[in-house]
Amino acid sequence: MASRDQVKASHILIKHQGSRRKASWKDPEGKVIMTTTREAAVEQLKSIREDILSGKANFEDVATRVSDCSSAKRGGDLGPFGRGQMQKPFEEATYALKVGDISEIVDTDSGVHIIKRTA
């Protein structure tokens, strides 16, 4: 469980041409990532977010199938973390959420994310 100064979150990451590391567990050679624009990644995540918020999709199920992060195998679960452990935009967005809430699109050097605060 997260301590008082920590949060716990899950996320869905979509990498794109501008991501610092252009490979992932589902695209080891980065062939798809290198042809994905940031705009296309954002549009994909917006659609995913709408489906989750409307109840058409489950966050953890989508994360398992779609996320470019290795946390996909845990439904996107990153576990607990404190300030200074994540990239600043990710940290700020997570701390601003209430438990159970899902963020808007968050840009980091890794790609674009939606974040679900879980604790």
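Heads up: these notes are all about the structure in this document. Bear in mind that the values here come from a model prediction, so they are computed numbers and not experimental data.

Per the counting criterion, the structure on display carries 8 salt bridges. Among the ionic pairs, Lys 46 bridges to Glu 43, the shortest N-O distance being 3.9 Å. Here the residue Lys 46 and the residue Glu 43 both occupy positions in helix α1 (residues 38-54), the gap between them amounting to 3 residues, near one helical turn. By relative accessible area, Lys 46 is classed as partly exposed at 38%. Lys 116 is paired through a salt bridge with Glu 60; the nearest N and O atoms lie 3.2 Å apart. Of this pair, Lys 116 sits in strand β4 (residues 111-117) while Glu 60 sits in helix α2 (residues 59-66), and the two are 56 residues apart along the sequence.

Rules and cut-offs
Residue indices follow the written sequence of each chain, beginning from 1 at its first position. Owing to the predicted nature of the model, reporting of local features is limited to residues with pLDDT of at least 70; listing and counting of side-chain atom pairs is limited to 80 or more, with chain, interface and lining totals taken over all residues. No hydrogens and no water enter the side-chain calculation; it runs on all heavy atoms of the structure. Note on definitions: salt bridges are taken to be side-chain nitrogens of Lys or Arg within 4 Å of carboxyl oxygens of Asp or Glu. Note on conventions: DSSP H or I runs of at least 4 residues are helices, E runs of at least 2 residues are strands, and numbering of each starts at the N terminus. Each residue's exposure class comes from its accessible area (1.4 Å probe, protein chains only) as a fraction of the maximum for that residue type: buried when under 20%, exposed when over 50%, partly exposed otherwise.

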